[in-house]
Amino acid sequence: MDIDQEKEFNEENNQIIEEDINQIQNEVQDIQFQQVNDNQEINKKGEIRRVPVPPHRVTPLKNNWDKILTTIVENMKLQIRMNTKKKCVEIKTSQFTEDKTSLQRGVDFLKAFMMGFDIDDSVALLRLDDLYVESFEVKDVKTLHGDHLSRCIGRISGEKGKTKFATENATRTRIVLADQRIHILGSYSNIKAARDAICALILGSPPGKVYSQLKSLCRKYVEKS
């Protein structure tokens, strides 16, 4: 194929492509979509979400069931029930559900409670938009076994939980120690500060050094406020 033939071939191809693009654009403009009401779609489908209940959270769930019921049904306008066979809590949208994000927010609230957070701290997830839950394990920071792992968890908690409470108060977060797994509830920046302090303890930093870092962090928060 010489240069003239190749040039002619490319021009024909470009013309065909332009015609196809114009045809597709015309077809897209002719399409008209009907307006969909989000609430109607939610009510028709009746979406269901299930949150597993760990064995150690069954008793707290029973004790706080009235508060959970009030929060989910009256505030979130959702339906809730305990499925004893599958050992999970089921929540479902209803005809009274106004916000399409209510279902996901309700699931986040229940998951936080099942992780071990207090009911009032879990409710804060529904009231504030900038709160998150971050989870990680000790082995994600450093691989430890046996007594070394036990001592590491003891350093994070401290005597009678003093270190954990000091970290929570300094970083304005809530921390749950579930064996090797650590859950942190708070804003993005506060979670980062709490995670840095916990990682320092896992890596072997003395609690006194971490305390001094937390004190300087408290001063920064006071100055900002």
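Small disclaimer: the values here were computed from a predicted structure and weren't measured. (Residues numbered from 1 in each chain as written. Predicted model: local features only at pLDDT ≥ 70, side-chain atom pairs only at ≥ 80, totals over all residues. Heavy atoms only, no water.)

Engineer: Please provide a residue-by-residue account of the pattern of salt bridges, values included.
Structural biologist: Using the criterion set out here, one finds 8 salt bridges in the structure. Among the ionic pairs, Lys164 bridges to Glu168, the shortest N-O distance being 3.3 Å. On the criterion of helical spacing, the pair formed by Lys164 and Glu168 is a turn pair, its members being 4 residues apart in helix α9 (residues 162-171). Under the relative-accessibility criterion, Glu168 is labelled buried at 8%. Here the salt bridges do not stand alone but share partners, grouping Arg50, Arg81 and Glu90 into one network. (Salt bridge = Lys/Arg side-chain N within 4 Å of Asp/Glu carboxyl O. Helix = DSSP H or I, 4+ residues; strand = E, 2+ residues; numbered from the N terminus. Buried < 20%, exposed > 50% of the residue type's maximum accessible area, 1.4 Å probe, protein only.)

Engineer: Give a description of the side chain of Thr93 that names residues and reports values.
Structural biologist: Structurally, Thr93 is set in strand β3 (residues 88-93). From its side chain, Thr93 meets the backbone nitrogen of Glu47 in a polar contact 3.1 Å long. (Polar contact = N/O pair within 3.5 Å; in protein donor to acceptor, adjacent residues only side chain to side chain.)

Engineer: Please provide a residue-by-residue account of the packing of aromatic side chains, values included.
Structural biologist: Each pair of aromatic rings is reported with the distance of its centres and the angle of its planes. Overall, the coordinates contain 0 aromatic pairs when judged by the stated rule. When the ring centre of Phe113 is taken as origin, the NZ or CZ atom of Arg57, which lies over that ring, is 4.6 Å away. (Phe/Tyr/Trp six-rings, centres within 6.5 Å; stacked < 30°, edge-to-face > 60°. Lys NZ or Arg CZ within 6 Å of the ring centre and 35° of its normal.)

Engineer: Break down the sheet that holds strand β2 (residues 78-83) for me, citing the residues and quoting the values.
Structural biologist: Read from one edge to the other, the open sheet built from 3 strands follows the order β1-β3-β2, with strand pairing classed as antiparallel. Edge positions in the sheet fall to β1 (48-52) and β2, since each of these pairs with one other strand and no more. The sheet shows a mean angle of 20° between the axes of neighbouring strands, taken without regard to direction. Both β2 and β3 contribute to a ladder of 6 bridges, which runs antiparallel. (Pairing = 2+ DSSP bridges. Axes fitted to C-alpha atoms, helices over the stretch in contact; angles between N-to-C directions.)

Engineer: Before we move on, can you summarise helix α5 (residues 102-115) with the specific residues and values?
Structural biologist: A rise of 1.5 Å per residue sets the reference length of α5, with its 14 residues, at 20 Å; its end C-alpha atoms lie 20 Å apart and thus fit the reference within 8%. The complete set of buried residues in α5 reads Ser102, Leu103, Gly106, Val107, Phe109, Leu110, Ala112, Phe113 and Met114. (Expected span 1.5 Å × (residues − 1).)

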